[in-house]
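Residue-level structural notes
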Amino acid sequence: MIKKNMLKEYLRYILPTMLTFTLASVYSIVDGMFVGHAVGDAGVAGINVAFPLVAFVMAVGTGIGMGGGVISSIARGAGDEAKSRRAVGTTFTLLLLAALPVMALLLFAAEPICRLLGGQGGTLEQAVAYTSVIAWGVPFQIFVTGCTPLIRNQGRVGFAMAVQVFAGLMNVALDYVFVMLFGWGTAGAAAATAVSQAAAFVPVLVFFLMRRNRIARADLRPDGKIVAHALKLGLAPFGLTLLPEATVVAINVNLSAYGGETALAAYAVVSYTACVIQMLIQGVGDGSQPLISKHYGAGDADGVRRFRNTNYLITISLGALGLLAMYLLRNQVPLLFGSSAETAAIVAYALPIFSMAYVFYGFTHASTSYFYAVDDARASNAIVYGEAVLVVLVVFGIARVAGVDGIWFSVTIVQMVLACAAGALLRYRHRRHAAQAAPAQGRPASPVGRCAGADRPEAYERAAGPVWTGPPGLGCIVRRAVVRRCVRTRGPADASASDCATCSAALTARLLRVVPSIRRPASAHRPRVGPAWRPVRAPILARAHARAPQSRPLC
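What you see is a predicted model, and the numbers here were worked out from it, not measured in a lab. (Residues numbered from 1 in each chain as written. Predicted model: local features only at pLDDT ≥ 70, side-chain atom pairs only at ≥ 80, totals over all residues. Heavy atoms only, no water.)

**What to know about the overall build of the protein**
Regarding its fold elements, the protein presents 23 helices and 0 strands. Pairs at least 24 residues apart make up 83% of the contacts formed inside the protein by residues separated by at least 6 positions. Accessible surface, the protein: about 22,900 Å² in total, of which carbon and sulfur atoms supply 66%. (Helix = DSSP H or I, 4+ residues; strand = E, 2+ residues; numbered from the N terminus. Contact = heavy atoms within 4.5 Å. Areas by Shrake-Rupley, 256 points an atom, 1.4 Å probe, with all protein chains shown as cover.)

**Side note on the nonpolar core**
Of all hydrophobic cores here, the largest spans 112 residues; its most connected members are Tyr130, Ile142, Val204, Phe208, Ile251, Leu255 and Phe354. The residues contacting Leu255, other than those within four sequence positions of it, are Gly260, Ala263, Leu264, Tyr267, Val404, Ile407 and Trp408. Among the nonpolar cores identified, the runner-up in size contains 15 residues, and Met66, Ala87, Leu240 and Val384 belong to it. (Core = buried A, V, L, I, M, F, W, Y, C linked by side-chain atoms within 4.5 Å. Buried < 20%, exposed > 50% of the residue type's maximum accessible area, 1.4 Å probe, protein only.)

**Structural notes on the pattern of salt bridges**
Evaluated as defined, the whole model comprises 6 salt bridges. Salt-bridge contacts for Glu9 lead to Lys294; the nearest nitrogen and oxygen are separated by 2.9 Å. You can see Glu9 sitting in helix H1 (residues 4-38) and its partner Lys294 sitting in helix H12 (residues 260-297), a full 285 residues away along the chain. By relative accessible area, which is 24% here, Glu9 ends up partly exposed. A salt bridge links Asp376 to Arg432, with the nearest nitrogen and oxygen atoms 3.9 Å apart. Within this pair, whereas Asp376 is found in the loop between helix H16 (357-373) and helix H17 (377-437), its partner Arg432 is found in helix H17, the two being separated by 56 residues in sequence. Owing to a relative accessible area of 30%, Arg432 belongs among the partly exposed residues under this scheme. Via salt bridges that share partners, Asp376, Arg429 and Arg432 belong to a single interconnected network. (Salt bridge = Lys/Arg side-chain N within 4 Å of Asp/Glu carboxyl O.)

**Comments concerning helix H7 (residues 157-181)**
Over its 25 residues, H7 runs 35 Å from end to end, which matches the ideal 36 Å to within 8%, given 1.5 Å per residue. Every buried residue of H7 is listed here: Val157, Ala160, Val163, Gln164, Ala167, Gly168, Asn171, Leu174, Asp175, Phe178 and Val179. At the C-terminal side of H7, Gly183 shows a positive phi close to 70 degrees. (Expected span 1.5 Å × (residues − 1).)

Pasting the structure below:
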């Protein structure tokens, strides 16, 4: 768990992000409420069928933005401001390049895609009407969604939240005008979303045009290595945003086959409502990402672990509280959407069953966010894309065996399996880093400088802090702290902690520059290090270096 002095910074990041994600889900619910009262069950089901396309747009922006944001945070934590700025500029350019192809896809292929997603009859007509209008706002939505992580990673969490709140409030107001007053139905809900995203684009653009945030023209030129790294890291947040919609598609297709349009309308209400829990949990993981990445880049293994474990406690608790709330409100929720009596009965039965998944989702999502925050794209992608495969196998398989009742339980089964997989990946990561940090048995000593820390004197200077002004006998404490820092800041995977012990000669030389009081007094009031102290200092330094290989591994 985080320490008391870490709490303020932690809350400063996660609370605005949680609020932003929660409001986004509430605005989606308001969309469904207006359309449900104005159009009926077919309108709500149509938006639910088309929503995977909206999620795809958001996933493109989130994936690119989070990938670049992680690189920028890690570089800033390591003190490399130039790379941090290049990562922001490259991400900015990638967002602009991604917008037009996605917009063209939605404009020219709306009907066949919606049919493939499970739309039929009146539901298909409403889905196509929604998609055809919202496509015009795609460039603004990608840009705003992608720049939000960049703004958060610069410490402006409040501004990022304000932009999303502004867009959401405008969306609600325009929903009422376009859907209820003008009678435009699902097309009016799409128009409200597109206009609100265009309005949100203005403050984001102004933010990056300000002098202190302005991106240099040279930084806008894409850096090939950063592009590849950002896309690799962005696969996990891309999947986290989009692949839950794989669940929506799989369930829509099977409910359409086994339950008809009434079951589709019931699932639309369930997914709208349960989305609130999902967004709260996602807000915790994405909100803490800048902190975890920064501490990881600085080599602070203890801080990384504390933030991660606090995330687990909060996300699992949110999942349990959400399950309780959905059970207590199962009969009131359908009334908000104007559902028919038959649809309301299905919602009351299915909502608590569906919400059980989010107890396990809390652990799974917190693990995935942790993995991509510490630059472990392989583990995060394994969880995210493994979910897509599991969803298809479980939903289609259980639908054949148990019909509609089995479909409602399928999401919980998937999340239980993913939680076990995430726990196994965490254990594997811990063991791997523990093995790297253990002394090499029967291995010849590496040359001085093999450890990455030996080539980074600035890491020692940051670890040692200000110039030592106390008694010279305490200099060994500073030396021991820097040796531990040397273990934590290893770069090459094949450099073990024993390599750090072999760096003692170079390390001692650097420390005599960092801590001059060990070498000579800075004033007449400080005792001079004489011959009587030298025999005592040698064994103390030897013990400090001997302890270094036993330092805890990073993450």
